[in-house]
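# Per-entry structural report
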Amino acid sequence: MKVQSIYNSKALKHTLKFASENGALFAATASLAFSTIRPVIIMATPHTDKENRQYASTKSIASTLTGYLLMLVASLPVANAVKNIDNNPKKFLKPETVKRLIYGKKSIKSSPKYNFATQLIKLGLGFLIAVPKSVITCAIIPPIMNKLYGNNENQKKSKDTSFKGSCSGIQNKSSKLTDKLSKGIASIINSNTVINMADKFHNTIFEQHIISLTDILATSAFINLTAKNNRINDDRKKALMYNAGISTALSVTGGYAINKLTEKSTDKFVENFKIANKNSKNLDKYIEGIRVVKPVLILGTIYYILIPLISTFLSDKFDKKSKKNPV
């Protein structure tokens, strides 16, 4: 009975529905929750330079906050526009698109091919803002460093620098604006490229692929920007870049390994969940949500909990070695 209650948990269903409707924001929210742990682990790493740890923990804080705020602002209109298409597919999608994506289901919303197309849009948003996120993250590391650890050399470099910004209230889009955005998104879904991709990849772990590619892009941009940032102490740049690269490499490779190891248990969970909720009108959304939640939790657990100590320790050692043996 206790196990059965898990499949009928209102909290679980709410989470799965949230992940299904706005996977990118769910990922950012999960990262925000996990981020409370990562800086603590980084600062507790033994036998490493204190200031290197400070930079790494500051980067984690800056990256998570930036990612969440950007995604909050960008994803809500997109999620509403996609939901608009869900509810009015004939209004926005071409008849031939509906025919090809419906995949033998009673409604297009239940089709894995259609879900692929819409998740491609929603999760792809994270990929699109990866570089802007890295730009802002890199820019706000010095002022956050000064606020948290004001007694280091970096304070001298950036004492005249401030990060100013305001976030105006997010208002509900009018139906006309939502329809306009829905038409734009529908034009992407109507394209042969997306339909062909849905035919080929709808039954893969494409959600994990998109999330992993987003992390790789964001890290690559961050490393490049850090190297050019004259407001970050030159002696700390390499350690910070090593940390970012090692963390992403370990989380992505570890994520795929754990996903493979948990494949059978996930399939069993999905089957039991379907049986327990066979009469739910939102069952297809819940299943879609599971496909998003799994890679987010796997990558989040690895990145924020399991590897910070390893990446901080290794990056510090690589940094010291490079200083002893400069190229």
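Here, the structure is the one placed above.
Below, the structure is looked at part by part. Keep in mind it's a predicted model, so treat the numbers as computed, not measured.

When you go through the protein chain residue by residue, the secondary structure sums to 17 helices and zero strands. For 327 residues, the compact-globule estimate of 2.2 N^0.38 gives 20 Å, and the protein chain sits close to it at 22 Å. Each of the 327 residues in the protein chain was classed as buried or not, and the buried ones make up 48%. Summarising the internal contacts of the protein chain: among those between residues at least 6 apart in sequence, 81% fall at separations of at least 24.

Our focus in this paragraph is the packing of helix α2 (residues 10–21) against helix α3 (residues 23–34). Two elements in contact, α2 and α3, have axes whose closest approach is 5 Å; the angle formed by their N-to-C orientations is 120 degrees. Relative to α3, the element α2 is oriented oblique. Taken together, the residues of α3 that come into contact with α2 (itself represented by T15, F18, A19 and E21) are G23, L25, F26 and T29. Tallied by class, the residues present in the contact of α2 with α3 amount to four nonpolar, three polar and one charged.

What follows covers the packing of helix α5 (residues 50–87) against helix α14 (residues 234–261). Two measures define how a pair of helices packs: the angle their axes make with one another and the distance between the axes. At their nearest, the axes of α5 and α14 sit 9 Å apart, and the two run at 50 degrees to each other. For the element pair α5 / α14, the angle class is oblique. The chirality of how α5 crosses α14 is right-handed. Contact residues: E51, N52, Y55, A56 and K59 in α5; R236, A239, L240, N243 and A244 in α14. Split into classes, the residues belonging to the contact of α5 with α14 amount to five nonpolar, two polar and three charged.

Moving on to the packing of aromatic side chains. Going through the model one piece at a time under the given rule, you end up with eight aromatic pairs. Aromatic side chains F18 and F26 sit 5.8 Å apart centroid to centroid with 85 degrees between the ring planes, which places their arrangement in the edge-to-face category. According to the relative accessible area criterion, F26 is buried, its value standing at 8%. By the ring-pair criterion, three or more aromatic residues cluster together here, those being Y7, F269, F273 and Y286.

What counts as what
Residues numbered from 1 in each chain as written. Predicted model: local features only at pLDDT ≥ 70, side-chain atom pairs only at ≥ 80, totals over all residues. Heavy atoms only, no water. Helix = DSSP H or I, 4+ residues; strand = E, 2+ residues; numbered from the N terminus. Rg over C-alpha atoms; globule rule 2.2 N^0.38 Å. Buried < 20%, exposed > 50% of the residue type's maximum accessible area, 1.4 Å probe, protein only. Contact = heavy atoms within 4.5 Å. Axes fitted to C-alpha atoms, helices over the stretch in contact; angles between N-to-C directions. Parallel < 35°, antiparallel > 145°, perpendicular 65-115°, else oblique. Nonpolar A, V, L, I, M, F, W, Y, C, P; charged D, E, K, R; others polar. Left-handed = near helix turned anticlockwise from the far one by under 90°. Phe/Tyr/Trp six-rings, centres within 6.5 Å; stacked < 30°, edge-to-face > 60°.

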